[in-house]
Amino acid sequence: MSTLHASVDARQFHEALSRAHRIAAKRSSIPILGEALVSFDGIRCTITCTNLDQWCLATLSAVGDSFSFAFTKTKSILSACRYYSGNLEFSYTPGPDKKLYEKTGTLVISDGARNLRCRVEGGSCFPEFPETDYQDRYPINAEKLLERFNRVKYAVYSDSSRPVLCCIEFLDSRIVAVDGHRLALNSDAELTVKTPFFIPHEAMAELQMFKRQPCTLCVGKKYAAFENESLLLLTRIPESEHWDVDEMIPKVFDTEYPVSVEQFWGEVKYLNEVAIKKERQPIRFDGPTMELETSDGVYSVKVGLPPVPERGFNPKYLLDGLGQFKAKKADTVTMKVSHPLSPVVFTDGEDDLAMVLPVRLKVA
């Protein structure tokens with residue numbers, strides 16, 4: 001059986017493999033989903049990993065023959081590649097090798113000083129990349145979009161039984177997260193989409209792979225992708241009706257007043273710190289004060305805001321909502337309140353809005 005050869009830059013290969021393998025399944029009953037497919041076509045090397053919900057393709061320049069294989073111990077290969085430098089040579093012999101395992105190929109990786117010989121699977125054993133149906137493409141600043149996502153991700157639902165609530169919705173110039181207790185919204189006219197769509201939060205978090213490189217957001221009915229010349233991140237789009245965000249957010253409020261983000265956040269943090277988690281007691285808020293009753297005692301703080309009918313809040317949810325503005329270093333926000341069972345809204349009047357649903361208080 002003839003041996004095929006190709007070579008790449010060692011540092012670039014390690015970086016590309018590191019990026020792609022972030023998408024590989026951490027645990028799966030299908031072993032190949034934890035591995036990486038490596039394909040050479042004579043002028044480039046493409047590394048592919050998938051967990052079947054997301055795909056990552058990392059590409060770098062290469063020279064040599066055309067062939068493909070799948071690693072069987074990608075984590076170990078990745079560790080070894082940290083120590084390779086200069087020109088990295090791949091020598092692949094397909095077919096059985098009785099000295100290792102039958103019906104597998106043999107791969108030798110060498111930078112001239114260090115060598116690795118291992119068994120690999122043929123490239124045909126790896127799942128096929130899905131057919132895409134992109135209809136819209138938007139140039140984006142990946143770093144800026146990641147920053148926006150990081151401000152609203154606290155409101156992403158954590159239960160995978162409701163996939164659409166585990167997503168970020170792109171709606172005109174807004175990105176929105178909703179979990180049933182909180183709503184977080186950020187807007188930026190720089191990215192305005194034609195049709196609403198969802199992207200899972202796992203894919204949004206991986207925008208960090210693009211760093212400051214320009215890229216394109218491609219959107220179809222079944223898949224969306226972030227891509228540039230050297231990297232592609234593909235994700236499934238959950239099938240679901242889109243949220244009517246504008247209907248969720250109250251239009252009329254009884255009271256609106258400015259709130260110091262740092263001060264209010266600090267007082268809520270104090271009450272959250274002393275709360276007994278298993279008791280799950282809400283904060284009682286009436287404007288001038290906030291109070292938390294626990295089995296250890298009653299804790300209260302003066303906040304000095306105008307009086308409103310008493311209402312209850314989960315302190316963590318309040319912290320998350322205020323944290324959205326703390327992250328952008330806003331000094332003050334407008335707090336909007338109405339009926340005690342209606343959501344409270346925080347907004348800076350610019351591009352951020354947070355909504356927190358109240359907790360029903362027990363009547364003494």
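For the structure, check the block above.
Residues numbered from 1 in each chain as written. Predicted model: local features only at pLDDT ≥ 70, side-chain atom pairs only at ≥ 80, totals over all residues. Heavy atoms only, no water.

Caption draft 1: Molecular detail of the sheet that holds strand β14 (residues 197-200). Taken in spatial order, the 8 strands line up as β14-β11-β12-β13-β25-β24-β23-β18 in an open sheet, and their pairing is antiparallel. The open sheet is flanked by β14 and β18 (255-260), the only strands paired with a single partner. Neighbour to neighbour, the strand axes of the sheet diverge by 20 degrees on average, direction disregarded. Sheet topology places strand β11 (residues 167-171) next to strand β12 (residues 174-178); 3 bridges connect them, and they run antiparallel. Each bridged residue has a counterpart across the sheet, and for F170 the counterpart in β12 is I175. Docked against the sheet, helix α3 (residues 142-152) engages β11, β12, β13 (182-187) and β25 (352-356), running at close to 160 degrees with respect to β13. Running at roughly 175 degrees to β25, helix α7 (residues 315-327) makes contact with β13, β23 (332-337), β24 (344-347) and β25 of the sheet. (Pairing = 2+ DSSP bridges. Helix = DSSP H or I, 4+ residues; strand = E, 2+ residues; numbered from the N terminus. Axes fitted to C-alpha atoms, helices over the stretch in contact; angles between N-to-C directions. Contact = heavy atoms within 4.5 Å.)

Caption draft 2: Main features of the sheet that holds strand β19 (residues 283-285). What the 4 strands build is an open sheet, ordered β21-β20-β19-β22; its pairing is antiparallel. For this open sheet the edge positions go to β21 (297-302) and β22 (311-313), each flanked by a neighbour on one side alone. Within this sheet the neighbouring strands show an average axis-to-axis angle of 25 degrees, counted without direction. Relative to strand β20 (residues 289-294), β19 runs antiparallel, the two being bridged by 2 bridges. Each residue of the ladder has a partner; that of F285, found in β20, is M290.

Caption draft 3: Region of the structure containing the environment of I47. Looking at where I47 falls in the secondary structure, it is placed in strand β3 (residues 44-50). Accessibility expressed as a relative area gives 0% for I47, which makes it buried. Between the C-alpha atom of I47 and that of T59, which follows or precedes it by 12 residues, the distance is 6.4 Å. Those residues in contact with I47 that lie beyond four places of it in its chain are F13, A16, L17, A20, A36, L37, V38, C56, L57, A58 and L60. (Buried < 20%, exposed > 50% of the residue type's maximum accessible area, 1.4 Å probe, protein only.)

Caption draft 4: Inspection of the pairing of β14 at higher detail. Side-chain alternation along β14 places F197 and I199 on one buried face and F198 and P200 on a second face that is also buried. As paired strands, β11 and β14 are joined by 4 bridges and run antiparallel to one another. The partner of I168 across the bridge, within β14, is I199.

Caption draft 5: Broad picture of the environment of P288. Note on placement: P288 falls in the loop between β19 and β20. Separated by 61 residues in the primary sequence, P288 and G349 have C-alpha atoms spaced 24 Å apart. If we ignore the near neighbours within four places in the chain, the residues touching P288 are V301, K302, V303, G304, L305, P306 and P307.

Caption draft 6: Region of the structure containing the pattern of salt bridges. Going through the model one piece at a time under the given rule, you end up with 23 salt bridges. A salt bridge links E262 to K326, with the shortest nitrogen-to-oxygen separation between them at 2.8 Å. Here E262, found in helix α6 (residues 261-274), pairs with K326, found in helix α7; they are 64 residues apart in sequence, far enough to count as distant. Ionic contacts of the salt-bridge type, sharing partners, join the residues E147, R151, K328, D348, D351 and D352 into one network. (Salt bridge = Lys/Arg side-chain N within 4 Å of Asp/Glu carboxyl O.)

Caption draft 7: View of the pairing of β24. Side-chain alternation along β24 places V344 and F346 on one buried face and V345 and T347 on a second face that is also buried. Both β23 and β24 contribute to a ladder of 3 bridges, which runs antiparallel. Looking across to β24, one finds that T334 is bridged to T347. Taken together, the 4 bridges between β24 and β25 define a ladder with antiparallel strand orientation. Bridge pairing links V345 to M355 in β25. As consecutive antiparallel partners, β24 and β25 are separated by 4 residues, and within that stretch G349 has a phi angle of approximately 75 degrees, a positive value.

Caption draft 8: Highlighting the packing of α6 against α7. Here α6 crosses α7 at 155 degrees, and the two axes come no closer than 9 Å. Judged on the interaxial angle alone, α7 and α6 are roughly antiparallel. For the pair α6 and α7, the sense of crossing is left-handed. Contacts between α6 and α7 involve V261, E262, F264, W265, V268, K269 and N272 from the first element and P315, K316, L318, L319, L322, G323, F325 and K326 from the second. Split by residue class, the contact of α6 with α7 holds 9 nonpolar, 2 polar and 4 charged. (Parallel < 35°, antiparallel > 145°, perpendicular 65-115°, else oblique. Left-handed = near helix turned anticlockwise from the far one by under 90°. Nonpolar A, V, L, I, M, F, W, Y, C, P; charged D, E, K, R; others polar.)

Caption draft 9: Representation of the packing of aromatic side chains in the model. Per the stated rule, a full pass over the model turns up 14 aromatic pairs. With a centroid separation of 6.4 Å and 50 degrees between ring planes, the pair formed by F264 and F346 is classed as tilted. One end of the pair, F264, is in helix α6; the other, F346, is in strand β24, and 82 residues separate them in sequence. A single burial state applies to F264 and to F346, both of which are buried. Among the aromatic residues, ring-to-ring pairing joins F13, F40, F67, F69, F71, F90 and Y92 into one connected group. Directly above the ring of Y157 sits R162, whose terminal nitrogen or CZ lies 5.8 Å from the centroid. Sitting over the face of the ring of W265, K326 holds its NZ or CZ atom 4.5 Å from the ring centroid. (Phe/Tyr/Trp six-rings, centres within 6.5 Å; stacked < 30°, edge-to-face > 60°. Lys NZ or Arg CZ within 6 Å of the ring centre and 35° of its normal.)

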